[in-house]
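Survey of secondary and tertiary structure
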Amino acid sequence: MTPTDVKQKALKQRLKEEAAAIGIDKIGFASADPFVTMKERLTVQQQKGYASGFEKGSIAERTEPDLLLPEAKTILSIAVAYPSKLKDAPPSRKGSRRGVFCRASWGEDYHHVLRRKLEKLQAFIEAEIPGVRVRSMVDTGELSDRAAAIRSGIGWSGKNCAVITPEFGSYVYLGEMILDYAIEPDQPLESQCGTCNKCVDACPTGALIQGGQLDSSKCIAFLTQTKDMLPEQYRKKLGNRLYGCDTCQTVCPENKGMDHHHHEELEPEPEKVKPLLQSMLFLSNKEFKQTYGKMAGSWRGKKPIQRNAVLALGTLKEEAAVPDLQKVLLEDVRPVLRAAAAWSLGQIQTADAQHALHTASEKETDPMVEKEILEARMIGEE
Ligand code: SF4
Ligand code: SF4
């Protein structure tokens, strides 16, 4: 081993210890070479229309680290484990049905939590390596967190498209930083999926494509974040989900028993992550911000979440919600919310629900909502 190797190893060890002290659960190192295979895959995905539209940066920026930091040499990936089990979960009962936010939206918005940790780690690195240039990213950065984590040996890529770590399963938030300083890379991990296909089989919409690809346009996690009316074929599949979808993670055997409560700020508040559906319908912007504004799931505002709550009430045939749904249908200024209420009243099909649809049909002027009202009334006549 050369003196440089010894120095490198000692530096790597110090970085690992500092990361642990900052509350980062795992770090890994990789070269900052271009992600050639990923570039090809993203190009095909884009051509097939599988992209979500939420991606940041061009395909080149997402796959070529040195476009983000000149002379990039190393990617340092980090993982922070989050809980998977909700203690004291409030029950969801007929008459008081509840929705659910996915686990990645529990606690404080992870972007903020990881950014704070990366800032501390960056300060340490800048003190350890004078003159180093660093660029940190969490999720919304151009570089793919997953590709970086896989190359850095943080975890392997599951058929559910998640990064699965041996220590925490896929219940981890990922972030990374690019450095213009070479550090010995770690080895990527072998996929452990084997013949298992549970996630692909369990996906309610068939969004997982064999070979570990995701058709975002079919994925409920993405659909919960859209702002228009949800296409008919996905409305019931939404179930009681308000934001995100965990199905392909909860069925994964690699996540069995994984429930890590390492970070106070990532602890869920039961009433916030499993709220009463009807309590969501008439929130003012201020109330929404005060209650949900710090959660990752609020980033698209209240409209998609309220739409999902309205649809969930219909899917669950919540008769006690008819007066509230009628109020949405007659009074909400947003056509998407009125359309969702019409659909849900059509699912509930009580005399009161039919009456509400009839009343609305006489006053509605938006063509999209009119169509939903008509279709909802036709269900009752079938
Ligand atoms: S998040 Fe849900 S909808 Fe999306 S791939 Fe996984 S199981 Fe399917
Ligand atoms: S459920 Fe099975 S196939 Fe899917 S990611 Fe987990 S181990 Fe792999």
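Conventions and cut-offs
- Residues numbered from 1 in each chain as written.
- Chains lettered and ligands numbered in written order.
- Predicted model: local features only at pLDDT ≥ 70, side-chain atom pairs only at ≥ 80, totals over all residues.
- Heavy atoms only, no water.
- Helix = DSSP H or I, 4+ residues; strand = E, 2+ residues; numbered from the N terminus.
- Contact = heavy atoms within 4.5 Å.
- Axes fitted to C-alpha atoms, helices over the stretch in contact; angles between N-to-C directions.
- Parallel < 35°, antiparallel > 145°, perpendicular 65-115°, else oblique.
- Nonpolar A, V, L, I, M, F, W, Y, C, P; charged D, E, K, R; others polar.
- Near = heavy atom within 4 Å.
- Phe/Tyr/Trp six-rings, centres within 6.5 Å; stacked < 30°, edge-to-face > 60°.
- Buried < 20%, exposed > 50% of the residue type's maximum accessible area, 1.4 Å probe, protein only.

Under an unreviewed UniProt entry, the name given to the protein chain is tRNA epoxyqueuosine(34) reductase QueG, and the source organism is Alkalicoccus urumqiensis.

Side note on the environment of Met177
With respect to the secondary-structure elements, Met177 resides in strand 7 (residues 172–179). Along the primary structure Met177 and Gly23 are separated by 154 residues, whereas in three dimensions their C-alpha atoms are 16 Å apart. When sequence neighbours within four positions are dropped, the list of residues in contact with Met177 reads Thr74, Ile75, Leu76, Leu118, Leu121, Gln122, Ile125, Val134, Arg135 and Ser136.

Description of the packing of helix 13 (residues 302–315) against helix 15 (residues 335–348)
Remark: helix 13 packs on helix 15, axes separated minimally by 7 Å, with the N-to-C direction vectors making an angle of 10°. As summarised for this structure, helix 13 and helix 15 are arranged roughly parallel, according to the angle between their axes. Contact residues: helix 13 offers Lys303, Gln306, Arg307, Val310, Leu311, Leu313, Gly314 and Thr315, while helix 15 offers Val336, Leu337, Ala340, Ala341, Trp343, Ser344, Gln347 and Ile348. Of the residues that constitute the contact of helix 13 with helix 15, the class distribution is nine nonpolar, five polar and two charged.

Thoughts on the site of ligand 1
Taken together, Cys203, Pro204, Thr205, Leu208, Leu214, Cys219, Ile220, Cys245, Thr247 and Cys248 are the residues near ligand 1. When its residues are assigned to classes, the shell around ligand 1 shows eight nonpolar, two polar and no charged.

A closer look at the site of ligand 2
Every residue near ligand 2 is listed here: Gly158, Lys159, Asn160, Ile164, Cys193, Cys196, Lys198, Cys199, Cys252 and Pro253. Its residues assigned to classes, the shell around ligand 2 comprises six nonpolar, two polar and two charged.

With respect to the packing of aromatic side chains
Applying the stated criterion to the full structure yields six aromatic pairs. Judged by centre distance (4.2 Å) and plane angle (5°), the ring pair of Tyr110 and Tyr173 falls under stacked. With a gap of 63 residues between them, Tyr110 in helix 5 (residues 110–128) and Tyr173 in strand 7 connect regions that are remote in the sequence. The burial state of Tyr110 is the same as that of Tyr173; both residues are buried. Through a chain of ring-to-ring contacts, three or more aromatic side chains come together here, namely Tyr82, Tyr110, Tyr171 and Tyr173.

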